[in-house]
Amino acid sequence: MPDNPFFPKLFAPIDIGGVSLRNRIIHAAIVTQYVANHAPTDRLLNYYRARASGGAAAIVTEPIAMTEFSRLPSRLRCWDDEGFDDLCRVAAVINDQGAHVLGQIQDSGRGRHAVGRNDHAVGASALPDDLSWTVPAALSGGRIRQMIDDWANGARRLQRAGFSGVEISAGHGHLFHQFLSPWSNQRLDEYGGALQNRMRFLTELISAIRSACERPFIIALKLPGDDGVPSGIDLEMASAINAILAKQAGDIDLWTWVWGAHARSLYHHLPDAHGPRHPYLEQIRALRSQHPDITTGAIGYLTDPGECEAALVDGTADVVFLGRPLITDPQFPEKAASGNANAIRYCVSCNSCWRSIIEAGSLACDNNPKLAESDEVPLGLPKATRQKNIVIVGSGVAALEAAHTAAERGHRVVVFGRSDAVGGKTRLHADMPGGENLSSVYDYQLLAAQQHGVKFLLGQDASVDTVLACNPDVVLLATGSRSARPNWLPKDWEAQDLVPSLREIAQQLTLGMPHVSGRAVVVDQDHTEMTYAVALRLSQHFDEVTLVTSRERFAHDMSLINRQGTLQRLFDAHISLINHVEPASLERLEDGVLLLKNVYNGDMTELTDVACLIHASNRVPNSEMLDPLRSAGVEVIPIGDCRAPRSLMAATRDGYAVAAAI
Ligand SMILES: Cc1cc2nc3c(=O)[nH]c(=O)nc-3n(C[C@H](O)[C@H](O)[C@H](O)COP(=O)(O)O)c2cc1C
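So, here's what we can say about the structure. Since we're looking at a predicted model, the values are computed, not measured.

### Topic: the overall build of the chain
Okay, so step 1: The number of helices and strands found in the chain is 21 helices and 28 strands.
Okay, so step 2: For 662 residues, the compact-globule estimate of 2.2 N^0.38 gives 26 Å, and the chain sits close to it at 27 Å.
Okay, so step 3: Every one of the 662 residues in the chain was classed for burial, and the buried ones make up 59%.
Okay, so step 4: The contacts of the chain with a sequence gap of at least 6 include a subset with a gap of at least 24, amounting to 72%.
Okay, so step 5: Summed over its atoms, the accessible surface of the chain is roughly 25800 Å², and 49% of this surface lies on carbon and sulfur atoms.
Okay, so step 6: Between the averaged position of the 60 positive side-chain charges in the chain and that of its 76 negative side-chain charges there is a distance of 4 Å.

The following block contains the structure:
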């Protein structure tokens, strides 16, 4: 087969352990929560089918229930033959599209990032999980050997069902990682002590699976790189682990390394836009260089086919694993292979996906409102039965999502935007630290809208008359929201410059703000990414920045994983955080003094040297045009923040859902 002209290395086939892969892109394991009562839902099948038909060469599934400890209802049943037909169905939707499937072997051990503790946890030693303080029951040698048998039997069952291999998840702070690390394994038996012993659980499991499953059957390993835990696994220990595993090289077909653990370093699992892109490639290159013959995967914040190609060309890896990027765009491989990389809908590394599986019940994506729907791939939406004139007022992400979706369905669409540039408040966020990836959300939407013939009237303040002049059948009101006046700000307060809203100060920052002596105080009643991004930027312009909140913790409206990274950056920037307080008196603010009151006992604290008091308060919809337009007899649907101020995910979903239904 001739080389792919765009990314020749990425799309060169590869043989791994006798299994022939059509290219070098493997879907990394992703918990979806699309399994119910151990059985695949339609969404799970849609999800896997779309990623396989989008061109991934192989898909690593989410963890599958094979042992008595892992029988969570959200995992496919593989501990006996009762779920066998379901396993076959999962394998078939992937295999039918020319891709292979590897089942993931994983147990969280003592690790837990949901609320509370896990009363059923088992682990290496009775030592607390660093996040939940769950203390597991230490596994006996007999239970360990039973688990190994269960997993080997499970692997054989998967092979019968059409799976091409398994991936053992031995990183991310899960059970095997807990055995490998001296921080969590203080056993005195043959599974503890020296590294060779701490590795025994893993090495015995590899041998057991190899004996249970005839070749070709891939055994892949996800191993710890640097886990970021003092007295845990650093790169030197990771190398030592590799050296021992390399003696079993005949059994292992593929390996890769991941960062972080179930600890304060959890956020290293999912590197985000605050740090460098693909941050672990150099270390992966060093780790693989000692064992060049074992097929190596690279993983972590690789979001662009060019980056993937480069990691293969320079010998860092033989294949790439993509997690979040394939959630956002299942057709990433196909688009890259056909020279349409600019049509990829990019993952913005916001980690909302991770939050969604823990807090929202199932996998969701900020930038893919069709995730796991039956029509996710192919992208062609059903045409509207009657072409309508749709006028969209506003040009933020809800507006743009609606615009390209409606136009794709055959409607005539006009977008009014007050600003010359689209993107709304997401564009402002994109200008703040860690926000730059967000521009790809509206860039993609704009391109798609233009390709489908949407007419843009930018730099124009739409009025009821200008909207009606377009003769709309439907108006989508996407006029966004504005900051509410906080209840602690006196109604007759006049020194507006001294008490701007978060958005006002962010706008000033984008225009270039000189250094200001003194302290900026942000009253945080928002708790989302934007507030902390602005705080970081403020720390470059003020002598000091202080965040205050009435709540018991900061970043309350963020996932644990993003909260950790946020707190790390705030403390690195020496931004001070004060909980349980709200402003009590602004009387001496013009002299630089702010009085704060403890919300529980009323105790007062004085903050001095205050040069600016910023309110990150709730937002209120800009819905002023709603009633006049309705009174004029037009159907008006408010979307995005104009309907109710919420998240980026809510905005894209709203825009899509409304436009898909017109
Ligand atoms: C929503 C979500 C669920 C994940 N579930 C798993 C999992 O079940 N097992 C696993 O080994 N890794 C899991 N991961 C980690 C990914 O496999 C991958 O290591 C990580 O996302 C980094 O790759 P990326 O930058 O390409 O997303 C998950 C990641 C995300 C975002």
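Here the narrative resumes, following the displayed structure.
### Focus on the pairing of strand β6 (residues 58-63)
Okay, so step 1: With respect to burial, β6 is a largely interior element, 6 of its 6 residues being buried.
Okay, so step 2: When strand β3 (residues 25-27) meets β6, the two strands line up parallel, connected through 2 bridges. Its bridge partner being in β6, His-27 is matched across the sheet by Ile-59.
Okay, so step 3: Note: β6 against strand β7 (residues 100-105), 4 bridges, orientation parallel. The partner of Val-60 across the bridge, within β7, is Leu-102.
Okay, so step 4: Tracing the backbone out of β6, into helix α2 (residues 84-95) and back to the parallel element β7 gives a crossover that is right-handed.

### Regarding the site of the ligand
Okay, so step 1: The environment of the ligand is formed by 22 residues, the closest being Ala-29, Gln-104, Tyr-301, Gly-323 and Arg-324.
Okay, so step 2: In this structure, an oxygen atom belonging to the ligand sits 3.3 Å away from a side-chain N or O atom of Ser-169.
Okay, so step 3: One of the backbone nitrogen or oxygen atoms of Tyr-301 is found 2.7 Å away from an oxygen atom of the ligand.
Okay, so step 4: At the level of secondary structure, the elements contributing two or more residues to the shell around the ligand comprise α10 (324-328) and α12 (352-360).
Okay, so step 5: At 3 residues, the largest contribution of residues to the shell around the ligand is made by α12.

### Details of the sheet that holds strand β20 (residues 516-524)
Okay, so step 1: Read from one edge to the other, the open sheet built from 4 strands follows the order β22-β21-β20-β26, with strand pairing classed as parallel. Strands at the two margins of the open sheet, each flanked by one partner only, are β22 (576-578) and β26 (610-616). Each adjacent strand pair in this sheet contributes to an overall mean axis angle of 20°, direction not counted.
Okay, so step 2: Judged from the 3 bridges that link them, strand β21 (residues 542-548) and β22 form a sheet pairing that is parallel. From the neighbouring strand, Leu-547 faces β22, where its bridge partner is Leu-577.
Okay, so step 3: Against the sheet, helix α17 (residues 502-511) makes contact with β20 and β26, and its axis sits at roughly 120° relative to β26, the strand it touches most.

### Focus on the environment of Arg-643
Okay, so step 1: Summarising the element assignment, Arg-643 is placed in the loop between β28 (635-638) and α21 (648-661).
Okay, so step 2: What Arg-643 contacts, discounting residues up to four positions off in sequence, is Pro-638 and Asp-654.

### Describing the nonpolar core
Okay, so step 1: One finds Ile-168, Phe-201, Ile-209 and Leu-245 to be the most contacted residues of the largest nonpolar core, which totals 97 residues.
Okay, so step 2: Element by element, the count of residues in this core is highest for helix α3 (residues 141-161), at 8 residues.
Okay, so step 3: Those residues in contact with Leu-245 that lie beyond four places of it in its chain are Met-199, Leu-202, Thr-203, Ile-206, Leu-221, Leu-223, Ile-252 and Trp-255.
Okay, so step 4: Leu-400, Ala-430, Ala-449 and Ile-639 belong to the second largest nonpolar core, which has 30 residues in total.

### As for the packing of α2 against α3
Okay, so step 1: Interhelical geometry of α2 versus α3 gives an angle of 55° and a closest axis separation of 8 Å. Relative to α3, the element α2 is oriented oblique. For α2 against α3, the interelement crossing comes out right-handed. Across the interface between the two elements, Phe-84, Leu-87, Cys-88 and Ala-91 from α2 touch Arg-157, Leu-158, Arg-160 and Ala-161 from α3.
Okay, so step 2: Taken together, the residues of the contact of α2 with α3 sort by class into 6 nonpolar, no polar and 2 charged.

### Structural notes on the pattern of salt bridges
Okay, so step 1: Summed over all chains, the structure comprises 28 salt bridges.
Okay, so step 2: The residue Lys-335 makes a salt bridge to Asp-329 at a minimum N-O spacing of 2.7 Å.
Okay, so step 3: Taking the relative accessible area as the measure of exposure, Lys-335 reaches 10% and is therefore buried.
Okay, so step 4: Arg-643 is the salt-bridge partner of Asp-654, the closest N and O atoms lying 2.7 Å from each other. Of this pair, Asp-654 sits in helix α21 while Arg-643 sits in the loop between β28 and α21, and the two are 11 residues apart along the sequence.

### Concerning the sheet that holds β6
Okay, so step 1: Spatial strand order, β12-β11-β10-β7-β6-β3-β14-β13: 8 strands in an open sheet with parallel pairing. Across the chains shown, the open sheet's two edge strands, defined by having one partner strand only, are β12 (254-258) and β13 (297-299). With direction set aside, neighbouring strand axes in the sheet form an average angle of 25°.
Okay, so step 2: Across the sheet, helix α6 (residues 200-212) touches β7, β10 (165-169) and β11 (218-224), and the angle it forms with β11 is around 170°.

Rules of the game
- Residues numbered from 1 in each chain as written.
- Predicted model: local features only at pLDDT ≥ 70, side-chain atom pairs only at ≥ 80, totals over all residues.
- Heavy atoms only, no water.
- Helix = DSSP H or I, 4+ residues; strand = E, 2+ residues; numbered from the N terminus.
- Rg over C-alpha atoms; globule rule 2.2 N^0.38 Å.
- Buried < 20%, exposed > 50% of the residue type's maximum accessible area, 1.4 Å probe, protein only.
- Contact = heavy atoms within 4.5 Å.
- Areas by Shrake-Rupley, 256 points an atom, 1.4 Å probe, with all protein chains shown as cover.
- Lys, Arg positive; Asp, Glu negative; His and termini not counted.
- Charge placed at Lys NZ, Arg CZ, Asp CG, Glu CD.
- Pairing = 2+ DSSP bridges.
- Right-handed = clockwise from strand over helix to strand, strands pointing away.
- Near = heavy atom within 4 Å.
- Polar contact = N/O pair within 3.5 Å; in protein donor to acceptor, adjacent residues only side chain to side chain.
- Axes fitted to C-alpha atoms, helices over the stretch in contact; angles between N-to-C directions.
- Core = buried A, V, L, I, M, F, W, Y, C linked by side-chain atoms within 4.5 Å.
- Parallel < 35°, antiparallel > 145°, perpendicular 65-115°, else oblique.
- Left-handed = near helix turned anticlockwise from the far one by under 90°.
- Nonpolar A, V, L, I, M, F, W, Y, C, P; charged D, E, K, R; others polar.
- Salt bridge = Lys/Arg side-chain N within 4 Å of Asp/Glu carboxyl O.

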